[in-house]
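# Survey of secondary and tertiary structure
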Amino acid sequence: MRELMILIKYKFKMWSEKSRRVKSRSLLTRKKVNFPGWLLWLLIGGGFGGGFVVPLSILMSRAFKQLNAIQAPGTAFSMSEIMLGMYGFMIMLMLLLNDVPSIVYNVVSENEETSLLFSLPIKRSVIFLLKVFEILSGTSLIFAFFLPFLIGYAISIKMAWYLIPIYILDVAAFVLLIMGISSIIAAFVARFMSSTTAKRLNVIMYTMSILGVVAIFNILPGKMTSTNAAGWLKNYIGLATHPFLPSTWFLGAVKSEPRYIILLYGICALSLWGIWQLSSRYSTGISRKYKKKEIGKVSIASNKSLFGPLVNKDLKLLLREGNSLFLFIYPLVFPLIMLFAGSWNSAGVMLMAGFLSLDYSAVISGGLCFFEIQAYPTSALLPLSKKKIVFAKAFISSSIYTTIYIITILVALFIVKSGWIMMLTVPFVFVALFEMAIYGGVAYLSSPKNISANFQSAMKGTNGLKTAAIGGLISAGIVLSSFFGIANALKLSMFFRILLFPTAPIVTIIAFWYFLKDKVTEEHLKEMFEKA
Amino acid sequence: MIRTRNLTKKFAEKIAVNNLNLQIDAGEIYGFLGPNGAGKTTTIKMLTGILYPTSGEISIMGKNIRKHELEIKRAIGVVPDEPRMYHDLRGKEFVSFIMDIYDVDREEAKKRFDEICDVFDIDYLDEFIGEYSHGMSQKLMVATVLMRKPKVLFLDEPTVGLDARSARVLKMLLRKYADEGSTIFMTTHILEIAEKMCERIGIINEGDLIAEGTLDELRASGGKGEHLEDIFLSLTGANDEEMKEIVEGL
Ligand SMILES: Nc1ncnc2c1ncn2[C@@H]1O[C@H](COP(=O)(O)OP(=O)(O)O)[C@@H](O)[C@H]1O
Ligand SMILES: [Mg+2]
């Protein structure tokens, strides 16, 4: 236990040290502000609690109260308990989907950190528990999003004070149980899943669960507060009360049904025992898949394609990067979810689509530039100008996001049947996306580089903040200015309205280029590469 | 083929290479020796167009590197000290990428590449580069450079990380290429390689070229001893007695 505590402490220290190191480097010239870490966490926690958990809990408690009075036909549960069971089921599904690949990738397969830990005189079981603890804290975000529902239910039934600790215990046992099941599944899955597959699956699952959470928050509260909530819920009674599902055991335990209490805690204990058994036999099993050596020569296919070998190579690297998937999906899906849920108007949605596309255009090309630094100095030896190297990346990411932007507009048009004028912004958006991508590449190349980093970390920290800020500005300059609503608000005459539409985007694009042009000279780029 | 005039590189205050004047002729194997941190890698990086010199001129194959950078890069071959490539490409994809970027004659390059793979035992081209060991990457790097048969070759500590057999093969290949007219500039830590392979040797210490010439010329120029090791140590200012004392005290 003491060893585990030391390791956990050292982990936290490493995280905070890392952010401090990065900060002090980028803020070298500025005045140093001593901002204690705990204050930051307090602010984030307070913001999350005050802005999200408390209001939503209150809202949910009202919805639950409405459902309390209605009995679910054929069961001993009320409709609000069916709802709670549904939430339990969703929590279970998301945690399982996230934890299994995450454990396979982070715990069971070999990586730099586990090899280091294994070389230290620490018990294997301690290392295993440390990794499991890490996974738990990693997926706790998903769990945190479900807190308002759990709290809302407790408020709605006016849970007695002495039952609250038991309720918390039930929730904890439920989460631990899922964790245990995930570990055991992961141990089996790891036998036939390569670490690369696990890594990709890990990212995909995380992406899907974020999207799932966003969808749930945009759809469920509305459904629950609607007058027909009970009728809609009826369809899910079977799922919420299925006797073989851990979510049902959780629900039953909350209702103090003895057999479910026994099931929940018994199987929780059993799975913890399973984790313990696994941990004492822990060794990183899979590192890579060894193929049988092929007889004969490998064929070397020509890379020649429409856009030449450079773009071809970059595309290949990009598509193999698991994280790129969610960078493609977000700008498309987030705005559309908002639109479907009816919570935003089309100006807001397109502004968001524009902003995300612009931001991610920079992130993608910055990430692609990371690959060149990964291959440095080999990449610097190629008979290619640095400008060409950076522009190839900008071409790729602006083309991808222009396509995504167009799709978003088309879908939005289909849903709200207005906003055709957004099509006129496409050429401007394309140019701006290209400029943003160049900015992203240059921003990454001019920042302190770390070759042991990875694709998505290329545009984190200061770079990420700056990029987001610029993306927001450009998006406002191009997308927002093309809405006549803005012109209305400014009480412009017709003449100025027609003038405003092309002028604002053109001015934005030219101003941005003016800002960029000194940074993309061959001399400057080469200097940036030199510092690799 | 390779010529520098007053080549200097400063990193902030530190002078990594100081007023270096080199002249290396076609078909020559030139060995560049020096202790750790002497400025060998920095010199190679400037000669191959990775780093801009602080001052001084470089010409490769009679062309100024500032004016003809890409042309020179296309013609030369470089094996850097760290064989770093794109981790998420397979070996064969990287080879194909290099063939396309340099726009080489595919048939010929492929034939040569296959031969090199044979002698180096490269049979892992289907795997991702990120999973290669240092030696595996090094061999792939050497193979992709040699398959282009460049007229001028730069190698930075090429045998580091290679097993004995591969190192021997590399030495034989370099000898053959030099005999066929390629110019070779290599740095090495292993004095025995320099002694056996290089026609001329330059010794660099703290950025200064302190001696240059054939083995015989180096002996004559004040280096004491029979073997290159003794000459090298005495030229770079290491004192035998002193070292013995320290070692004994450990
Ligand atoms: N990018 C850099 N920034 C600052 N100093 C450097 C850089 N690269 C090399 N140096 C310094 O220049 C000197 C020569 O380095 P190098 O050429 O790598 O030596 P070696 O002869 O071992 O290859 C060393 O003192 C090294 O610390
Ligand atoms: Mg070196």
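Reading guide: rules and limits
- Residues numbered from 1 in each chain as written.
- Chains lettered and ligands numbered in written order.
- Predicted model: local features only at pLDDT ≥ 70, side-chain atom pairs only at ≥ 80, totals over all residues.
- Heavy atoms only, no water.
- Axes fitted to C-alpha atoms, helices over the stretch in contact; angles between N-to-C directions.
- Helix = DSSP H or I, 4+ residues; strand = E, 2+ residues; numbered from the N terminus.
- Parallel < 35°, antiparallel > 145°, perpendicular 65-115°, else oblique.
- Left-handed = near helix turned anticlockwise from the far one by under 90°.
- Contact = heavy atoms within 4.5 Å.
- Nonpolar A, V, L, I, M, F, W, Y, C, P; charged D, E, K, R; others polar.
- Pairing = 2+ DSSP bridges.
- Near = heavy atom within 4 Å.
- Polar contact = N/O pair within 3.5 Å; in protein donor to acceptor, adjacent residues only side chain to side chain.
- Areas by Shrake-Rupley, 256 points an atom, 1.4 Å probe, with all protein chains shown as cover.
- pLDDT = per-residue confidence, 0-100.
- 1 Å grid on protein atoms, 1.4 Å probe; cavity = no way out; pocket = protein on both sides within 12 Å on 5 of 7 lines; lining within 4 Å.
- Points joined across faces, edges and corners; volume = space filled by probe spheres on them.
- Core = buried A, V, L, I, M, F, W, Y, C linked by side-chain atoms within 4.5 Å.
- Buried < 20%, exposed > 50% of the residue type's maximum accessible area, 1.4 Å probe, protein only.
- Salt bridge = Lys/Arg side-chain N within 4 Å of Asp/Glu carboxyl O.
- Domains from an automatic or database assignment.
- Buried area = accessible area lost by both parts, 1.4 Å probe.
- Patch = residues over 30% accessible without salt bridge, like charges linked within 9 Å, V, L, I, M, F, W, Y side chains within 5 Å.

Here we take up the packing of helix H17 (residues 426–446) of chain A against helix H18 (residues 461–478) of chain A. Residues and elements named next belong to chain A. Axis separation between H17 and H18 bottoms out at 11 Å; the angle between their running directions is 165 degrees. Compared by their axis directions, H17 and H18 come out roughly antiparallel. Note on packing geometry: the crossing formed by H17 with H18 is right-handed. Contact residues: H17 offers Phe428, Val429, Ala432, Met436, Tyr439, Ala443 and Tyr444, while H18 offers Asn463, Lys466, Thr467, Ile470, Gly471, Ile474 and Ile478. Of the residues belonging to the contact of H17 with H18, the class tally is ten nonpolar, three polar and one charged.

Turning our attention to the pairing of strand E1 (residues 2–11) of chain B. On a regular strand, one side chain projects to one face of the sheet and the next to the other, so that they alternate. All names here are of chain B. Strand direction decides the pairing type here: E1 and strand E2 (residues 14–24), joined by seven bridges, are antiparallel. Among the inter-strand pairings, Leu7 is bridged to a residue of E2, identified as Leu20. Adjacent in sequence and paired antiparallel, E1 and E2 are bridged by two residues, among which Ala12 carries a positive phi angle near 55 degrees. Where E1 lies against strand E4 (residues 55–60), five bridges are found, and the strand directions are antiparallel. By the bridge assignment for E4, Arg5 is matched with Glu57.

This paragraph deals with the site of ligand 1. All names here are of chain B. Within the structure, ligand 1 sits among Phe11, Lys14, Ala16, Pro35, Asn36, Gly37, Ala38, Gly39, Lys40, Thr41 and Thr42. With respect to ligand 1, the side chain of Lys14 contributes an N or O atom lying 3.4 Å from an oxygen atom. Here an oxygen atom of ligand 1 sits 2.7 Å away from a polar atom, N or O, in the side chain of Thr41. Taken by itself ligand 1 offers 560 Å² of open surface, and the protein chains cover 61% of this. Elements with a contribution of two residues or more to the shell around ligand 1: E2 and helix H1 (40–47). Tallying contributions element by element places H1 first for the shell around ligand 1, with three residues. Taken together, the residues of the shell around ligand 1 break down into four nonpolar, five polar and two charged.

Taken residue by residue, chain B gives an average pLDDT of 87. The fraction at 70 or more is 96%. Confidence estimates for the predicted assembly give a pTM of 0.72 and an ipTM of 0.87.

The subject of this paragraph is empty space enclosed by the protein. The probe, sized like a water molecule, is rolled over the atoms to show the empty space still left. Under the definition given, this model contains five cavities of 30 Å³ or more. In this structure, the largest cavity occupies an estimated 120 Å³ of space. Lining the largest cavity we find 14 residues, and of these A:Leu381, B:Val78, B:Tyr102, B:Val145 and B:Arg148 sit closest to its centre. Contributions of two or more residues to the lining of the largest cavity are made by helix H15 (378–381) of chain A together with strand E6 (76–79), helix H3 (91–102) and helix H5 (134–146) of chain B.

All right, on to the nonpolar core then. Membership of the largest hydrophobic core comes to 154 residues, with the highest contact counts inside it found for B:Phe154 and B:Phe185. Listed in part, the 56 residues of the second largest apolar core include A:Met83, A:Leu220, A:Val254 and A:Leu264.

Time to look at the sheet that holds E4(B). Residue and element names in this part refer to chain B. In space, the four strands of this open sheet follow the order E2-E1-E4-E5, with antiparallel pairing throughout. Looking at which strands have only one partner, the edges of the open sheet turn out to be E2 and strand E5 (63–64). When E4 meets E5, the two strands line up antiparallel, connected through two bridges. Looking across to E5, one finds that Ser59 is bridged to Asn64.

Turning next to the sheet that holds strand E3 (residues 29–33) of chain B. All names here are of chain B. The mixed open sheet is built from six strands, whose spatial order is E6-E7-E8-E3-E9-E10. The strands lining the two open edges of the sheet, one partner per strand, are E6 and strand E10 (208–213). Between one strand axis and the next, the sheet turns by 15 degrees as a mean value, whatever way the strands run. Inspection of the sheet shows E3 paired to strand E9 (residues 200–205) by four bridges, in the parallel sense. Residue pairing across strands places Phe32 opposite Gly202, the latter belonging to E9.

What follows concerns the interface of chain A and chain B. With 40 residues of chain A at the interface, the matching set in chain B holds 45 residues. Linking B:Glu69 and A:Lys526 is a salt bridge whose minimum nitrogen-to-oxygen distance equals 2.7 Å. One can count twelve residue pairs in polar contact (both at pLDDT 80 or more) joining chain A with chain B. Going through the elements one at a time, helix H12 (308–320), helix H14 (346–374), H15 and helix H21 (522–530) of chain A are the ones with two or more residues in the side of chain A that touches chain B. For the side of chain A that touches chain B, a count of residues per class yields 17 nonpolar, eight polar and 15 charged.

Once that is clear, we can look at the environment of A:Ser137. In this fold, A:Ser137 is placed in helix H5 (residues 124–156). For the pair A:Ser137 and A:Ala347, spaced 210 residues apart in sequence, the C-alpha to C-alpha distance is 37 Å.

It is worth spelling out the domain arrangement of chain A at this point. Residue and element names in this part refer to chain A. Per the domain assignment, the segments of chain A are domain 1 (39–286) and domain 2 (308–531). Each partner contributes residues to the interface: domain 1 has nine residues there, and domain 2 has 13 residues. Buried surface at the junction of domain 1 and domain 2, both sides included, amounts to about 1,000 Å², of which 74% is carbon and sulfur. For the interface between domain 1 and domain 2, the tally reads zero salt bridges. The interface formed by domain 1 and domain 2 holds zero residue pairs in polar contact (both at pLDDT 80 or more) in total. Tallied by class, residues from the side of domain 1 that touches domain 2 come to six nonpolar, two polar and one charged.

Residue and element names in this part refer to chain A. The interhelical angle for the contact between helix H6 (residues 164–189) and helix H10 (residues 246–254), taken along N-to-C directions, is 165 degrees, at an axis separation of 10 Å. As the angle between them shows, H6 and H10 are arranged roughly antiparallel. Of the two possible hands of crossing, H6 and H10 adopt the one that is right-handed. In this structure, H6 contributes Tyr167, Asp170, Val171, Phe174, Leu177 and Ile181 to the contact, and H10 contributes Pro246, Ser247, Trp249, Phe250, Ala253 and Val254. Partitioning the contact of H6 with H10 into residue classes produces ten nonpolar, one polar and one charged.

The next thing to look at is a nonpolar patch on the surface. A contiguous nonpolar patch, built from A:Trp161, A:Tyr162, A:Leu163, A:Ile164, A:Ile166 and A:Ile168 and spanning about 660 Å² of accessible area, is present on the exposed surface. Mapped onto the elements of the fold, A:Trp161 is located in the loop between H5 and H6.

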